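# Understanding the architecture of this molecule
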2 protein chains.
Amino acid sequence: MNRRDVIKLTGAAAWGLVPSAAASALQAHEGTAAPAERHSRTVEQHSGTVERWGIFEAAFNGPASGNPFVDAQLSAHFRHQNRVLRVSGFYDGRGVYRIRFMPDQPGEWSYTTESNVGALNNLSGTFQCSAASQGNHGPVEVNGGRHFSYADGTPFFPFGTTCYAWVHQTEALQQQTLKTLAAAPFTKIRMCVFPKSYEYNQNEPPLYPFPRKDGQNDLSTFNVDFFQHFERRIGDLNRLGIQADLILFHPYDRWGYASMPADANDRYLRYVVARFSAYRNVWWSLANEYDFIKSKTSADWDRFARIVQDEDAAHHLRSIHHGRVMYDYSRQWVTHASLQTDDFSKTKQWFMDWNKPIIFDECKYEGNIPSRWGNLSGEEMTRRFWLAVINGCYATHGETYLDPNDVLWWSKGGELHGTSPERIAFLRRIAEQSKGFGWTAVDNASYLSATSGGDAILLYYFDYHQLAEYEFKLPEGSSYKAELIDPWKMTITPVEGLHQAKAKLKLPGRPYQAVRFVKAE
Amino acid sequence: MNRRDVIKLTGAAAWGLVPSAAASALQAHEGTAAPAERHSRTVEQHSGTVERWGIFEAAFNGPASGNPFVDAQLSAHFRHQNRVLRVSGFYDGRGVYRIRFMPDQPGEWSYTTESNVGALNNLSGTFQCSAASQGNHGPVEVNGGRHFSYADGTPFFPFGTTCYAWVHQTEALQQQTLKTLAAAPFTKIRMCVFPKSYEYNQNEPPLYPFPRKDGQNDLSTFNVDFFQHFERRIGDLNRLGIQADLILFHPYDRWGYASMPADANDRYLRYVVARFSAYRNVWWSLANEYDFIKSKTSADWDRFARIVQDEDAAHHLRSIHHGRVMYDYSRQWVTHASLQTDDFSKTKQWFMDWNKPIIFDECKYEGNIPSRWGNLSGEEMTRRFWLAVINGCYATHGETYLDPNDVLWWSKGGELHGTSPERIAFLRRIAEQSKGFGWTAVDNASYLSATSGGDAILLYYFDYHQLAEYEFKLPEGSSYKAELIDPWKMTITPVEGLHQAKAKLKLPGRPYQAVRFVKAE
């Protein structure tokens, strides 16, 4: 193998997925964010080590003249034993080209580049992939059809939140958002790559994705500062154990990003995937409210899906979020449904139609603004999370309380003011105490209920019903411990004794209560 | 005109519709309940006077031998100016035959009987119909397609409750129910003619509709004591200003009333209509949960509708209540929809389909029993009444709190324990402050709202939304007074000033609030 121009290999071994990571982790900006580039051309085999699901990065010097973003093509094939994976590289400005790759198996990997630029062609190298470090469970994938796990098999429960434009605020505000997230229960965040222009969000972003002058975008190139900054934030989220559900297009725009020509859209997608797909906590959301982006056709969305699918060697989760016109989530490229609705009663039908995990990514937000999607009480937001879980699905939080400085969490991040997050944390603990990867709704029951691990755990949620007593039908032949759960007071009260078959329990006679039965060992 | 055998004419002039009648009215059993029958045969014209929408009753002696319930046919034609109305009579036992009629126009009325019994044939007489007394507004009818009024044009708002089997309890409990109703906000009550057998309702009724011996019904006759008692209760309700929504068939039965042969069903319907239809506060509900009565076919229900329609000269309101299979309420004989559902969001479609008033007669009950239809909180029951009204519809209350003696209001009556009735009273006052016959839902609004009297009053209900502020779009060119309404605290708080066009108001930031705008004179 020829080895030339290898100037940098970075293994982001320090990336630990710590679901309840301390805020102090934010201080250390590690990973690919600020690689120390070696500009000497060298041919020796690099001896670096990258942990499994970490980021391997190779950086090369190349031509800075012309328009490398358009003119230079760079890719590499990565090999491990008999597997070969193709990855696109990208131009990072100032004559530096990079290729990033997330190795998913320990052992020796090698790579060889291809490029239409002689200096970048046929470069090769090897590196060792070590075992994942503690807390690194790999990227999230679909498990068992309707749930998620990390690549190492650890169950993953998407308890998401929404901060569409948090990376487009001041650095101080971004740091505050990260600090808030570190203490919050959320394991996924919906966020836009492009800046957002919408009510309560009229400030200019500090950085633009394309060079911008006199209100005109140069769509033939990229502003690498924007993308370097953005991927720093992806890394920050990863250290907090939070999946970055990246929204690639959205309608709320005043700069022209929602209506770029096809070649610019496609180049943007390839660039984003080349830069971000080695980050194991990335999810792809083709759009927020795809049907509200009037400039794009179904053929456009098909092409975008194709590009993301083809270019992402890591096969991150893919979906598209709808406004009024529900997407056909049965389509092959979609890994899970990303819904805007609060019709939890339809989940049974949707599971039959799609047989994929369902995330109610927008079921309205806790807040008090005039818009009808932004003024749920904390009680109602909490209720909706319970309705999602008890139906075998997942939900995403958002918060829209009026703020004198227009810092609303759902758009800009900052601080949380609502009463639902701690209840969502409480529910997340209960949901994660499943036996297996999640919960399966029970069909045709009088009250909403779900099971986990077969009949190992039975969870009831009584919603608006305020029963004073109920006779539960438990599976024959087993004994269960029972607990009364108050989702609002966040209490779990054991009921005395063991319960079998027809188990009549006194209930609090208040609405929005839950009961859990756990099979006695 | 031949006049023979006229032995009794009763004008129930004392019947005053007093919507908030005092409980003391219950002491006076007036009307047809205990007529003093004159058994002398006479031919002179009776000079009695019946008030408009009161009850004219003629009683005749006739044969008591054989089976008069089946063998004797009796009817009369009533004439007023150029109108002729046919009314069936009925056998009331002990050789007494009666014909009842509700005159709907003041002035002189005459009648002539027809019978296959010589002694009952061709009897005739006249009577004067006087103006309705204070508080007597006549029977309720549909007004303007989607609302109701009394026959004199006074708007009527059905704020109903449910006491299915209250007339089949002890006299003491019935009197307690009437006392409770006198203080309650309800203007309509759903009640079964037949006794009911169901959970919390397993006691035997004091009276059976048919003679019963050794567990066998004699369906060829009627137990007149049962019907005399039942109509006393209809009269009691009328004095309280409450419409008796009489359920003619229901599935919850252990005596055989839900599965009688066709001839018995038909005879029962004719008998009930002949006895009860002169009571101006009667509504006909062919069934509770018609689709749960498996013994009856669609053809049966068609025939029952035909009989009730043909036999009822007063044309009382008619409907049929469904369980799981919604009835086609567009059918000609149906005057209004009587729904079992809580899907208030479908009212717009249903109004288009049916163009009739919609009553959510069963949208679940306030209570705490295990059954999922019987454990709403008072808050949720109140909310459902608001959702009905703001959608231009009506709702019916029920209450099912566990009771050591199984006296649950929804079935047996007794006392109310819940928190919704006083909030329903509060809403009823607001609804009745309409300009016109009711409220019309506003289409395509961000929040649920309704108008009354064109744009004279605008009513908003924010349901689970907890807005801190909102900009209302008021009709151009008019000024409005604004009020904040708290449906739970039952407060109406005027907002200072007059409001025009885009009126931004501060709102409480709590869910389940309402706002009313009243056009300034």
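Look up: the structure comes first, before these words.
Quick summary incoming for the structure in this document. (Residues numbered from 1 in each chain as written. Chains lettered and ligands numbered in written order. Predicted model: local features only at pLDDT ≥ 70, side-chain atom pairs only at ≥ 80, totals over all residues. Heavy atoms only, no water.)

Turning our eyes to something else, we now look at the nonpolar core. If you look at the biggest cluster of nonpolar residues, it comprises 128 residues, and the most contacted ones within it are Phe78, Leu246, Leu248, Phe249, Tyr268 and Phe360 of chain B. Apart from residues no more than four positions distant in its own chain, Tyr268 of chain B is found in contact with Val193, Phe194, Phe210, Phe222, Leu248, Phe249 and Met260 of chain B. (Core = buried A, V, L, I, M, F, W, Y, C linked by side-chain atoms within 4.5 Å. Buried < 20%, exposed > 50% of the residue type's maximum accessible area, 1.4 Å probe, protein only. Contact = heavy atoms within 4.5 Å.)

Attention now moves to the interface of chain A and chain B. If you look at the interface, chain A gives 27 residues, while chain B gives 27 residues. With both sides pooled, the region where chain A packs onto chain B buries about 2000 Å², and carbon together with sulfur makes up 47% of that total. Along the contact surface separating chain A from chain B lie 0 salt bridges. Counting across the interface, chain A meets chain B through 28 residue pairs in polar contact (both at pLDDT 80 or more). (Buried area = accessible area lost by both parts, 1.4 Å probe. Salt bridge = Lys/Arg side-chain N within 4 Å of Asp/Glu carboxyl O. Polar contact = N/O pair within 3.5 Å; in protein donor to acceptor, adjacent residues only side chain to side chain.)

Moving on: the packing of helix α7 (residues 378-390) of chain B against helix α9 (residues 420-432) of chain B. Residues and elements named next belong to chain B. Following both chains from N to C, one finds α7 and α9 inclined at 20°, their axes separated by 9 Å at the closest point. Taken together, the axes of α7 and α9 are roughly parallel relative to one another. By crossing handedness, the relation of α7 to α9 is classed as right-handed. The residues of α9 that touch α7, namely those facing Gly378, Met381, Thr382, Phe385, Trp386 and Val389, are Ser420, Arg423, Ile424, Phe426, Leu427, Ile430 and Ala431. (Axes fitted to C-alpha atoms, helices over the stretch in contact; angles between N-to-C directions. Helix = DSSP H or I, 4+ residues; strand = E, 2+ residues; numbered from the N terminus. Parallel < 35°, antiparallel > 145°, perpendicular 65-115°, else oblique. Left-handed = near helix turned anticlockwise from the far one by under 90°.)

Time to look at the packing of aromatic side chains. Any two aromatic rings considered together are summarised by their centre-to-centre distance and by the angle between their planes. Counting across every chain of the model gives 122 aromatic pairs over all chains. Residues Tyr460 of chain B and Phe517 of chain B carry aromatic rings whose centres are separated by 6.3 Å and whose planes lie at 80° to one another, so their mutual orientation is edge-to-face. Remark: Phe517 of chain B occurs in strand β31 (residues 514-519) and Tyr460 of chain B occurs in strand β26 (residues 457-461); sequence separation between them is 57 residues. The pair Tyr460 of chain B / Phe517 of chain B is uniform in exposure class, with both members buried. Residue placement shows Arg384 of chain A over the ring face of Tyr464 of chain B; its charged tip is 4.7 Å from the ring centre. The ring of Tyr447 of chain A is capped by Arg372 of chain B, whose NZ or CZ atom sits 5.7 Å from the centre of that ring. (Phe/Tyr/Trp six-rings, centres within 6.5 Å; stacked < 30°, edge-to-face > 60°. Lys NZ or Arg CZ within 6 Å of the ring centre and 35° of its normal.)

Moving on, we come to the layout of surface pockets. In this structure, the second largest pocket occupies an estimated 870 Å³ of space. Around the second largest pocket sit 32 residues that line it, and Glu379 and Tyr512 of chain A together with Glu379, Pro511 and Tyr512 of chain B are the ones nearest its centre. For the lining of the second largest pocket, the secondary structure elements donating two or more residues are α7 (378-390) of chain A together with α7 of chain B. Among the elements that line the lining of the second largest pocket, the one with the most residues is α7 of chain A, at 6 residues. Across the lining of the second largest pocket, the residue classes tally to 12 nonpolar, 8 polar and 12 charged. (1 Å grid on protein atoms, 1.4 Å probe; cavity = no way out; pocket = protein on both sides within 12 Å on 5 of 7 lines; lining within 4 Å. Points joined across faces, edges and corners; volume = space filled by probe spheres on them. Nonpolar A, V, L, I, M, F, W, Y, C, P; charged D, E, K, R; others polar.)

Glancing now at the relation of the copies chain A and chain B. Both copies of the chain are tied together by a single rotation about an axis and a shift running along it. It takes a turn of 180° to lay chain A on chain B, together with a shift of 0.0 Å along the axis; the resulting RMSD is 0.0 Å. Such a combination of rotation and displacement between the chain copies is what one expects of a two-fold axis. When C-alpha distances to the rotation axis are compared across chain A, the minimum falls at Asp343 of chain A, with a value of 6.0 Å. The share of interface residues of chain A whose copies in chain B are also at the interface is 100%, consistent with both copies meeting through the same surface. (Least-squares fit on C-alpha atoms with pLDDT ≥ 70 in both.)

Attention now moves to the packing of helix α2 (residues 171-183) of chain B against helix α3 (residues 224-239) of chain B. The angle between the axes and the distance between the axes are what describe a pair of packed helices. Residues and elements named next belong to chain B. At a minimum axis distance of 11 Å, the contact between α2 and α3 shows a crossing angle of 20°. With respect to α3, the axis of α2 lies roughly parallel. Judged by the sense of rotation from one axis to the other, the crossing of α2 with α3 is right-handed. Along its contact with α2, which presents Glu171, Gln174, Gln175, Leu178 and Leu181, the element α3 presents His229, Arg233, Asp236 and Leu237. Taken together, the residues of the contact of α2 with α3 break down into 3 nonpolar, 3 polar and 3 charged.

Our next topic: the sheet that holds strand β13 (residues 188-192) of chain A. The strands that make up a sheet are held in pairs by hydrogen bonds between backbone atoms, and each pair lies either parallel or antiparallel. All names here are of chain A. Taking strand neighbours across the sheet as the criterion, the 5 strands line up as β12-β13-β16-β17-β18 in an open arrangement whose pairing is parallel. The two strands at the open ends of the sheet, each matched to only one other strand, are β12 (160-162) and β18 (318-319). In this sheet, β13 lies alongside β12 in parallel orientation, the contact comprising 3 bridges. Bridge pairing links Gly160 to Lys188 in β13. Where helix α4 (residues 262-276) meets the sheet, its contacts fall on β16 (243-249) and β17 (282-287), and the angle it forms with β16 comes to roughly 165°. (Pairing = 2+ DSSP bridges.)

Let us now look at empty space enclosed by the protein. Any empty space left between atoms is shown by rolling a water-sized probe over those atoms. Residue and element names in this part refer to chain A. Under the definition given, this model contains 6 cavities of 30 Å³ or more. Counted as a void, the largest cavity has a volume near 70 Å³. Taken together, 13 residues make up the lining of the largest cavity; nearest its centre are Phe462, Leu507, Pro508, Gln513 and Ala514. Secondary structure elements with two or more residues in the lining of the largest cavity: β28 (480-486) and β31 (514-519). Grouping the constituent residues of the lining of the largest cavity by class yields 8 nonpolar, 4 polar and 1 charged.

This brings us to the environment of Glu57 of chain A. All names here are of chain A. Here Glu57 is to be found in strand β3 (residues 56-61). Linking Glu57 and Ala278, residues 221 residues apart in sequence, is a C-alpha distance of 8.9 Å. A polar contact of 2.8 Å, which involves the side chain of Glu57, links it to the side chain of Arg98. Here Arg100 takes part through its side chain, which lies 2.7 Å from a polar atom of the side chain of Glu57.

Going through the model one piece at a time under the given rule, you end up with 69 salt bridges over all chains. Among the ionic pairs, Asp342 of chain A bridges to Arg384 of chain A, the shortest N-O distance being 2.9 Å. Placement of the pair is Asp342 of chain A in the loop between β19 (337-340) and α6 (347-354) and Arg384 of chain A in helix α7, with a sequence separation of 42 residues. The exposure class assigned to Asp342 of chain A is partly exposed, which follows from its relative accessible area of 27%. A relative accessible area of 3% places Arg384 of chain A in the buried class. Residue Lys473 of chain B is joined to Glu471 of chain B by a salt bridge in which the shortest nitrogen-to-oxygen separation is 3.8 Å. Using a relative accessible area of 53% as the deciding quantity, one classes Lys473 of chain B as exposed. A residue is classified by how much of its surface remains accessible, and Glu471 of chain B, at 30% relative accessible area, is partly exposed. Because the salt bridges share partners, they merge into one network encompassing Glu57, Asp92, Arg98, Arg100, Glu231 and Arg275 of chain A.

This part covers the pairing of strand β3 (residues 56-61) of chain B. Regular strands place side chains that alternate from one sheet face to the opposite one. Residue and element names in this part refer to chain B. Taking burial as the measure, the 6 residues of β3 include 5 buried ones, the bulk of the element. Taken together, the 6 bridges between β3 and strand β6 (residues 96-101) define a ladder with antiparallel strand orientation. What sits directly across from Phe60, in β6, is Tyr97.

Residue and element names in this part refer to chain A. Spatial strand order, β24-β25-β26-β31-β28-β29: 6 strands in an open sheet with antiparallel pairing. Whereas interior strands pair on both sides, the edge strands pair on one side only; in this sheet they are β24 (440-441) and β29 (491-499). Two strands pair when backbone bridges link them, and β28 and β31 are joined in this way by 6 bridges, in the antiparallel orientation. In the sheet register, Leu484 faces β31, and the bridge partner there is Val515. Those strands touched by α7 are β24, β25 (448-452), β26 (457-461), β28 and β31, and its axis lies near 140° from that of β26.

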